[in-house]
Amino acid sequence: MKKSITRRSALKLFATATVVGAASRTGTASAATQPARPADVWSRTHNRVWLGGEYWANPMEDWQVADGGAECRSLGGNRSIHSLTHQITHPAKGFTMSVRMTRLELRGQDPGAGFRVGVRSELNEYRSNCFVARGLHAGVADGQLVLGPKSGPLAAATAPGSFELLLSGVARGSEVTLTLEARATATGASLGNLSHAVPADSLLGNVALVSNYAAEQTQNAAKKKAAQKVGQGGVRYRFADWKMAGEAFAVRHTQRFGPILWAMYSLSDSRTPDGWVMKLSALTGPMGPNDSQVVELHVQRDGAWQSLGEAKLDPDAWVATFRVPRWNEKTATPYKLVYREKHRDGTVTPDEWTGTIQANPAGRPLRMAALTCQNDYAFPYEPVVRNVARMRPDLAFFSGDQIYESHGGFGIVREPAGPAILNYLRKFYQFGWAFRDVMRDCPTLCLPDDHDVFQGNIWGEGGAKMTNLAADPGASSSGGYAEPARMVNAVHRTNVSHHPDPYDPTPGLQDISVYFGEMVYGGVGFAIVADRQWKSSPERVKVDGPRADHVVSPQFDTGTLDVPGLILLGERQEAFLKKWAQDWRGHALKAVLSQTVFAAVATHHGGYDGYLKGDLDSGAWPQTPRNRAIEILRPAMALHINGDQHLTTLAQYGVGRQRDSMWSFCTPAIAAGYPRWWRPDDVGMPHAKRPRHGRPHTGEYLDGFGNKVYVYAVGNPEVGKAPNRYDRAHEKGSGFGFITFDPVKKTYTLDSYRFLIDPTDGKASNQFPGWPVTIHQAENRGENRLD
Ligand SMILES: [Fe+2]
């Protein structure tokens, strides 16, 4: 019979220091009863940034494992380590925690450090809880013990040195009495203790270690300066030997995140002697010099595991990429990735990540989920993840903004490249954390966009360095890349290493890598295009607004922005697409995958009344190369699938006349942040030939740049207000797109799903107004059927 922890047994645990904080790997179990993994992970871990799969560190780049403990490298506030495996779910059943703390540095006043309990988001979901900087503090601050609202004396002599911090929770009625004690590490002598009763439910959620309890959680330079001026102190700590026990905890070792974080793969008919080529990337956390630098790939063939060798981890992107030619695409093949984590004591723990390389879909339609823009206010986007999983896609496409600069808090590090990469990686890890179970069993294509390289917008100018960053710190209106090329390349590697080989890998300016190319899968040919990597900067033209990229006045003649020599896709991609449009080997339908839509199908930006005539960030500009790209693609009869806008639209491009070219499906954001609307009727934009369904804001338009565009459907958002993140994401028009390619019927069926729905229940309200829609292949060259 399992026993709950009583006050007496808690004290006994403290007295003998035999708290065991581990359990089996078989799901939920009581920590106290199932010791299996060593309690103290860090004592065995080699020196490195990444703290291990049991933890989430805020922010990753401010922490390191050093000589067997976890050290904070920043004096900043709310640096924390969350346990991923232990959450308090039954507070009344009692718990104990202990940790050894050493103060490494103190400047000014001491804001304190120690445990934080009851850390939970409005979802109380363990991943979302990791980004909450609230809870009950149980630690030391300014030479005192602190426990919630209480404080008490701490024996002064040892305060700055190393000490043991112990916290227990014991039920008393509907409350839990917390007892905090500090003890000298060397002697075990008590340095003081405090008790405090709290409502049991207030303890629900994550438990964390915090270095610097200060509320400050901003990198806003002005605020930071102000805080320093008023003399706010900074402190940083080292933590070791963190133990958790008691039945209050749910212990789920399946919630570990890493060393192998996740994997992504692609499978494509290369139509070369290499045949079908399978490429797969495994991502690990950033490892140290004494850690293993390789990942192994094994596949199951005829019931037996077979090694396909190992691949080296890229020391910036922490991606190990496998390329396997002559893949048998006819059968589904289970795979297993193994990373052998070495420990300081000479032992090795293998970590596995498994999934299935699916057979090439043949003799049936190909079903693709198309996703974009995940703003982490709605992390971990569970409704979308669940719905995509329910749809069992053959292919998942992420068209950009896998991260935003705000991801996970603590701001961005722009330079130097090393810290900037670490700062990026932990944001990118949130993407994998949310979607890894979708990606493990289906091919994934993943394009980097502006926010992925810490820019509000991007006009890549072929890889040029941005020279205007000081005047444009958000990198929102200037041409070129703001980040060091090494960081940009790490971003590219994390996103596209597993893509089919690029068409022509010659890098761009600053040696920034390129990734345009093709994938042939399920009877469909996909062109993967970077529609902003070569694009001209708005600084090359003159608009009327305060920003170089916004046309604000309805009277402004946007024809003046179409100056000769401007670039959209660039010569290299245009040459590729010309060839691709004529090449029908191995497929019967085509689609172009890129970041954004080649039309200005948003009239309002940022706020409901934020009218903009034109946004130079859209693929509507520059007009001449926009038209040229569409003309190049006309013989391909390709559907253009894109994202970026946070506003789902279905539109048909026109060049010489309305409706003479391809259709564009801009998919809803996974979690829409910055809002946009397409409300041409509200601003009196003339239209012709409204579709038979008669919905507002549809029909043939000249967009703000004078481009011909036939808008068939739009999913305008509400203004998001709901306190619950998922309700708010739903209001803001979030969701995902789904495309069913039928290479026999030569059709594309397009679904645009909302956020808080079940796509399998058949309700019409699941989709934005106007969807689903079926388009025939030849409609992409203007042989129109829809009316
Ligand atoms: Fe976005």
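Refer to the structure presented above.
What you are looking at is a predicted structure, and each value in this text was computed from that prediction instead of being measured. (Residues numbered from 1 in each chain as written. Predicted model: local features only at pLDDT ≥ 70, side-chain atom pairs only at ≥ 80, totals over all residues. Heavy atoms only, no water.)

From N to C terminus, the chain includes 9 helices and 41 strands. Over its C-alpha atoms the chain spans a radius of gyration of 28 Å, differing by no more than 12% from the 28 Å that the globule rule assigns to 787 residues. When its C-alpha atoms are laid out on the principal axes, the chain stretches across 85 × 65 × 50 Å. Counting all 787 residues of the chain, 64% fall into the buried class. Here the analysis covers contacts within the chain between residues at least 6 apart in sequence; of these, 72% occur between residues at least 24 apart. Summed over its atoms, the accessible surface of the chain is roughly 27300 Å², and 52% of this surface lies on carbon and sulfur atoms. Each charge class in the chain was averaged separately, 88 positive and 78 negative side chains, and the resulting centres sit 4 Å apart. (Helix = DSSP H or I, 4+ residues; strand = E, 2+ residues; numbered from the N terminus. Rg over C-alpha atoms; globule rule 2.2 N^0.38 Å. Buried < 20%, exposed > 50% of the residue type's maximum accessible area, 1.4 Å probe, protein only. Contact = heavy atoms within 4.5 Å. Areas by Shrake-Rupley, 256 points an atom, 1.4 Å probe, with all protein chains shown as cover. Lys, Arg positive; Asp, Glu negative; His and termini not counted. Charge placed at Lys NZ, Arg CZ, Asp CG, Glu CD.)

As a further point, take the coordination of the iron ion. All of the protein donors around the iron ion are Cys373 (SG), Asp401 (OD), Tyr404 (OH) and His646 (NE2); their distances to the metal are 2.0 to 2.5 Å. Coordination at the iron ion is irregular: its 4 donor atoms span angles of 85 to 175 degrees at the metal. (Donors = N, O, S within 2.8 Å, 3.2 Å for Na, K, Ca; no water. Tetrahedral: all angles 85-135°; square planar, octahedral: opposite > 155°, others 65-115°.)

This part is about the nonpolar core. In this structure, Trp262, Leu337, Phe435 and Phe741 are the most contacted members of the largest nonpolar core, which totals 155 residues. With 13 residues, helix α5 (residues 417-439) is the largest single contributor of residues to this core. Filtering out sequence-adjacent residues up to four positions away, Leu337 remains in contact with Ile260, Ala263, Leu280, Ala282, Val295, Glu296, Leu297, Phe322, Asp351, Glu352 and Trp353. (Core = buried A, V, L, I, M, F, W, Y, C linked by side-chain atoms within 4.5 Å.)

Before going further, it helps to examine the environment of Arg364. Relative to the helices and strands, Arg364 is located in the loop between β23 (348-357) and β24 (366-371). Look past the residues within four positions of Arg364 in its chain and what remains in contact with it is Asp394 and Pro743. Side chain to side chain, Arg364 and Asp394 meet in a polar contact 2.9 Å long. (Polar contact = N/O pair within 3.5 Å; in protein donor to acceptor, adjacent residues only side chain to side chain.)

As a further point, take the packing of α5 against helix α6 (residues 485-496). Where α5 meets α6, the closest approach of the two axes is 9 Å, and the angle between their N-to-C directions is 30 degrees. Regarding the angle of α5 to α6, the classification is roughly parallel. The chirality of how α5 crosses α6 is right-handed. The segment α5 lies against α6, with Ala417, Gly418, Ala420, Ile421, Tyr424, Leu425 and Phe428 engaging Arg486, Met487, Ala490, Val491, Thr494 and Asn495. Looking at the contact of α5 with α6, its residues break down into 9 nonpolar, 3 polar and 1 charged. (Axes fitted to C-alpha atoms, helices over the stretch in contact; angles between N-to-C directions. Parallel < 35°, antiparallel > 145°, perpendicular 65-115°, else oblique. Left-handed = near helix turned anticlockwise from the far one by under 90°. Nonpolar A, V, L, I, M, F, W, Y, C, P; charged D, E, K, R; others polar.)

Attention shifts here to the sheet that holds strand β38 (residues 708-715). In a beta sheet, neighbouring strands pair by backbone hydrogen bonds and run either parallel or antiparallel. Spatially, β27-β28-β30-β33-β35-β34-β38-β37 is the arrangement adopted by the 8 strands of the open sheet, whose pairing is mixed. Strand pairing shows two members of the sheet lacking a second neighbour, β27 (517-521) and β37 (699-702), which therefore form its edges. Across the sheet, the mean angle separating the axes of adjacent strands is 25 degrees when strand polarity is ignored. As defined by bridge partners, strand β34 (residues 648-654) adjoins β38 across 7 bridges and the pair is classed as antiparallel. By the bridge assignment, Ala651 is partnered in β38 with Val711. Against the sheet, helix α7 (residues 571-582) makes contact with β27, β28 (524-528) and β30 (589-593), and its axis sits at roughly 175 degrees relative to β28, the strand it touches most. Packed onto the sheet, helix α8 (residues 623-633) meets β30, β34 and β38 and runs at close to 85 degrees relative to β34. (Pairing = 2+ DSSP bridges.)

Next up on the list: the pattern of salt bridges. Applying the stated criterion across every chain, the model contains 47 salt bridges. Where Arg183 meets Glu181, a salt bridge forms, and the shortest distance between an N and an O atom there is 3.3 Å. Under the relative-accessibility criterion, Glu181 is labelled buried at 12%. Residue Asp449 is joined to Arg532 by a salt bridge in which the shortest nitrogen-to-oxygen separation is 2.7 Å. Here Asp449 is found in the loop between β26 (444-446) and α6, whereas its partner Arg532 is found in the loop between β28 and β29 (550-551), with 83 residues between them in sequence. (Salt bridge = Lys/Arg side-chain N within 4 Å of Asp/Glu carboxyl O.)

Spatial strand order, β17-β18-β21: 3 strands in an open sheet with antiparallel pairing. The open sheet terminates on both sides in strands that have one partner only, identified here as β17 (260-269) and β21 (319-324). For this sheet the average axis-to-axis angle between neighbouring strands, irrespective of direction, equals 15 degrees. In this sheet, β21 lies alongside strand β18 (residues 276-284) in antiparallel orientation, the contact comprising 6 bridges. Across the sheet, the residue bridging to Ser281 is Thr321, located in β21. Contacting β17 and β18, α5 crosses the sheet at an angle of about 60 degrees to β17.

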